[in-house]
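So you can see what is in the structure, the chains are spelled out below.
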Amino acid sequence: MPGLNSDIPRWQYPPTSDKEFDYANLQTLDLSLITGDEYENVPEEVVKTIGDAFARDGFIYATNHGLSSEQILRQFSIAQYAFDGVPEEDKSRYAAKILEEGDFTGYKPRGHWKLKGVRDQIEHFSLGGQSYAPEKREQIFPPALQPLADEIEEFTEYNHDHIFRKILTVLSLVLKLPPTYLWNLASKKDERFDLFRYALYHPPSPEEDAKTDGVRLQGHTDFNAVSLLYSQPIVSLQVLMPDNVWRYVRHVPDALVINLGDAMHFISGGYLKQTIHRVVSPPDPAQVPYRRLGVFYFAQFNRSTRLAPIAESPVASGTGLTFFDNGRKSPTAWEWECSRVKAYGQDGKKKTIEGGHEEEEMIGGEKVVHYN
């Protein structure tokens, strides 16, 4: 059985498309510019540029994160092994309790979500912030992955303690707060419920693709605080830009694609944007037959963090926007996550609105839109 740094099959990147498409023009954050023992030092120009980008677009790239090409490739290799090296019966045995508990920890099978009556072709394996405790590992990691748990945990912790923390410093300064303010809302070890995820998008049949107009993951906002996606070559991710046009996200080798989620939007008083995005059939026919492998880190605030605009922030308190019945019904980060996880991709009480999209009421009376 594979062990630490063992010889599991090495992932081969799919060929990069040589065609030009309508790509989103996204800003790039150089993470090496954020320094100090607590990552408290950020150039003013970075705060201004990245703050404007997150308020306008909600998506950026990040480079110079401190991980090598080989370390990133290794995670894609483990991702591949998590699906191809784990028997189907083990995937079922270690399935996530998505509907029961609103928790993605474990395996999500293909077909759990539906769009226009078509079941999705996405499977993923997710690990929560408490998944690595010795007493939890045998409950969460299938036998084939247990020898790799230390390695996966080390990578996850780096994402949390270094990359996520640096981003929170920038966003704290954008909101005119002390540089460690947001980190203090996300650093309680016993309250962590962030998700590290390996995902595999299988190509649907041409008939299924036609029924969904090529949409493979419905347009949505993320539920969490900050999402980190390791860039991969398949052109498939689209973001809805401020001019209301869907544009593709260009592959940048070894870079991170970073976007903000609902939780950050709410505590910033709506100033920071939780941008709508989706996954569609690759526009380059040469890429259509390939499976799309993904490595993600969905960073969260502490479980008990209340999703209300931060009163100490003149930016958050100055937008004039309110949520959850003017704050009277503000849920915690954990309550909001569970509410959205249970409802996403299901036949809930949805109202068709302008543009053919679907609106659904979540916990606290807040409405979310599923973009078709």
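Above this text is the structure in question.
Residues numbered from 1 in each chain as written. Predicted model: local features only at pLDDT ≥ 70, side-chain atom pairs only at ≥ 80, totals over all residues. Heavy atoms only, no water.

Novice: Describe the sheet that holds strand β3 (residues 106-108), naming the residues involved and giving the relevant values.
Specialist: Reading across the sheet, the eight strands line up as β1-β2-β12-β9-β14-β7-β6-β3 and stay open at both edges, with mixed pairing between neighbours. Bordering the open sheet on either side are β1 (28-30) and β3, each of which pairs with just one other strand. Strand-to-strand twist of the sheet, defined as the mean angle between neighbouring strand axes without regard to direction, takes the value 25 degrees. Sheet analysis places strand β7 (residues 195-201) next to strand β14 (residues 292-299), joined by seven bridges and oriented antiparallel. (Pairing = 2+ DSSP bridges. Helix = DSSP H or I, 4+ residues; strand = E, 2+ residues; numbered from the N terminus. Axes fitted to C-alpha atoms, helices over the stretch in contact; angles between N-to-C directions.)

Novice: Can you explain the side chain of D194? Please cite residues and give values.
Specialist: Here D194 lies in the loop between α7 (181-184) and β7. Other than its neighbours up to four places away in sequence, D194 contacts L127, G128, G129, T156, H160, Y297, F298, A299 and Q300. (Contact = heavy atoms within 4.5 Å.)

Novice: Now, about helix α1 (residues 44-56): what can you tell me, with residues and values included?
Specialist: Along its 13 residues, α1 runs 18 Å from first to last C-alpha, staying within 8% of the 18 Å computed at 1.5 Å per residue. Positive backbone phi, at 80 degrees, marks G58, one or two positions downstream of α1. (Expected span 1.5 Å × (residues − 1).)

Novice: Just give me the short version of the nonpolar core, but keep the residues and values in it.
Specialist: Within the largest apolar cluster, 103 residues are counted, with the highest numbers of intra-cluster contacts made by Y198, V226, M264 and F301. When residues in this core are grouped by element, the largest group, 10 residues, is from helix α6 (residues 149-174). When neighbours within four sequence positions are excluded, Y198 is seen to be in contact with Q75, I78, A79, A82, F83, E123, H124, F125, I152, G294 and V295. In terms of nonpolar packing, the next biggest core, distinct from the first, is built from six residues, Y23, L115, V235 and V280 among them. (Core = buried A, V, L, I, M, F, W, Y, C linked by side-chain atoms within 4.5 Å. Buried < 20%, exposed > 50% of the residue type's maximum accessible area, 1.4 Å probe, protein only.)

Novice: Any details on the pairing of strand β2 (residues 59-63)? Residues and values, ideally.
Specialist: β2 sits mainly inside the fold: four of its five residues count as buried. The sheet contact formed by β1 and β2 spans three bridges and is parallel. Within β2, the position partnered with T28 by the bridge is Y61. As a crossover connection, the stretch from β1 through α1 into β2 is right-handed. (Right-handed = clockwise from strand over helix to strand, strands pointing away.)

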